[in-house]
2 protein chains.
Amino acid sequence: MILELVDLFVHDGTQTEFDKALEQGLHNVLRHAKGFRGYRINKGIEQNTRYVLMNYWETLENHTVDFRGSPAFPQWRAYITPYLAKPPVVEHFHVAGELAQ
Amino acid sequence: MILELVDLFVHDGTQTEFDKALEQGLHNVLRHAKGFRGYRINKGIEQNTRYVLMNYWETLENHTVDFRGSPAFPQWRAYITPYLAKPPVVEHFHVAGELAQ
């Protein structure tokens, strides 16, 4: 499983609207993408304009090729871009180990 | 639930040793901490010296007060510090929503 880690900073004061836009984008677009396995939304405590979105994909190419090359990509970005204070920073990771207690 | 997101960069070439040290530190120290709920280890694809460690805590204070104020904190750091190319960057997040497919 591949983690796409998305670091987002929104304009201060838009968090409530951004929460809704993010949920809509995830539900209307991203969750239907090929190989999409799930997401987790995390809201910054030290920096309340920071969000870390974790998207999980079956393969790296499901995100970088299939999704980014599809019409769904600009649709997804249209939900969140109006709120962003700077461009998202995205990197990918192998999920290497975990423990849930 | 609180996410502690730990951004780690290791010296290149030490990844295999670091993998072992990280597992040992998590299993011998961190998983016994009060309020510790689990972890996930993520290994960078674009940057193979980058690790993102997600630690989950019952409350923020379980990490910032209980754990960091205990003898377990330097024990944990002793496992991982020798491999780090720079100081860890740590921030906390509220887990605000998720979807597992």
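Read on for an overview of the structure. (Residues numbered from 1 in each chain as written. Chains lettered and ligands numbered in written order. Predicted model: local features only at pLDDT ≥ 70, side-chain atom pairs only at ≥ 80, totals over all residues. Heavy atoms only, no water.)

Some words on the overall build of chain A
In terms of helices and strands, chain A carries three helices and four strands. The order of α-helices and β-strands along chain A, N terminus first, is β-α-β-β-α-α-β. For chain A, whose C-alpha radius of gyration is 14 Å, the value lies close to the compact-globule estimate of 13 Å for 101 residues. Its C-alpha atoms put chain A at 40 × 35 × 20 Å along the principal axes. Relative to its full complement of 101 residues, chain A shows a buried share of 47%. (Helix = DSSP H or I, 4+ residues; strand = E, 2+ residues; numbered from the N terminus. Rg over C-alpha atoms; globule rule 2.2 N^0.38 Å. Buried < 20%, exposed > 50% of the residue type's maximum accessible area, 1.4 Å probe, protein only.)

Things to note about the side chain of Glu 91 of chain B
Summarising the element assignment, Glu 91 of chain B is placed in strand β4 (residues 89-100). Given the relative accessible area of 13%, Glu 91 of chain B is considered buried. Not counting the four nearest positions on each side in its chain, Glu 91 of chain B is found in contact with Glu 46, Gln 47 and Arg 50 of chain A together with Leu 3, Glu 4 and Leu 5 of chain B. (Contact = heavy atoms within 4.5 Å.)

Structural notes on the sheet that holds strand β3 (residues 50-57) of chain B
Pairing is antiparallel in the closed barrel, where eight strands are placed in the order β1(A)-β3(A)-β2(A)-β4(B)-β1(B)-β3(B)-β2(B)-β4(A). Direction aside, neighbouring strands of the sheet carry axes that sit 35 degrees apart on average. With eight bridges joining them, strand β1 (residues 2-9) of chain B and β3 of chain B adopt antiparallel strand pairing. Considered in β3 of chain B, the bridge of Leu 3 of chain B is made with Tyr 56 of chain B. Packing of helix α2 (residues 60-67) of chain B onto the sheet brings it into contact with β1, β3 and β4 of chain B, and relative to β4 of chain B it is tilted by some 155 degrees. (Pairing = 2+ DSSP bridges. Axes fitted to C-alpha atoms, helices over the stretch in contact; angles between N-to-C directions.)

Concerning the environment of Tyr 51 of chain B
Residues and elements named next belong to chain B. Of note, Tyr 51 is situated in strand β3. Spatially, the C-alpha atom of Tyr 51 lies 6.2 Å from that of Asp 7, the residues being 44 residues apart in sequence. Those residues within four positions of Tyr 51 in sequence are excluded, and the remaining contacts are Val 6, Asp 7, Leu 8, Val 10, Gln 15, Phe 18, Asp 19, Leu 22, Ile 41, Asn 42 and Lys 43. Only 2.6 Å separates the side chain of Tyr 51 from the side chain of Asp 19, close enough to count as a polar contact. (Polar contact = N/O pair within 3.5 Å; in protein donor to acceptor, adjacent residues only side chain to side chain.)

A few points about the relation of the copies chain A and chain B
The two copies are related by a screw operation: chain A maps onto chain B through 180 degrees of rotation and 0.0 Å of translation along the axis, at an RMSD of 0.0 Å. With respect to symmetry, the two chain copies, as superposed, fit the operation of a two-fold axis. (Least-squares fit on C-alpha atoms with pLDDT ≥ 70 in both.)

Brief notes about the interface of chain A and chain B
Listed by partner, the interface residues are 33 residues for chain A and 33 residues for chain B. Taking both partners together, chain A and chain B bury about 3200 Å²; carbon and sulfur atoms supply 52% of that area. Between the two partners, chain A and chain B, sit four salt bridges. In this structure, Glu 91 of chain A and Arg 50 of chain B form a salt bridge, with 3.2 Å as the shortest nitrogen-oxygen distance. Where chain A touches chain B, the interface holds 20 residue pairs in polar contact (both at pLDDT 80 or more). (Buried area = accessible area lost by both parts, 1.4 Å probe. Salt bridge = Lys/Arg side-chain N within 4 Å of Asp/Glu carboxyl O.)

Focus on the pattern of salt bridges
Side chains that differ in charge, positive against negative, can pair when their charged atoms come close. Using the criterion set out here, one finds 12 salt bridges over all chains in the structure. Residue Arg 37 of chain B pairs with Glu 58 of chain B through a salt bridge whose shortest N-O separation is 3.0 Å. Residue Arg 37 of chain B is found in strand β2 (residues 36-44), and its partner Glu 58 of chain B is found in the loop between β3 and α2; the two are separated by 21 residues along the sequence. Taking the relative accessible area as the measure of exposure, Glu 58 of chain B reaches 43% and is therefore partly exposed. Three or more residues joined by partner-sharing salt bridges are found here, namely Asp 7 and Arg 50 of chain A together with Glu 91 of chain B.

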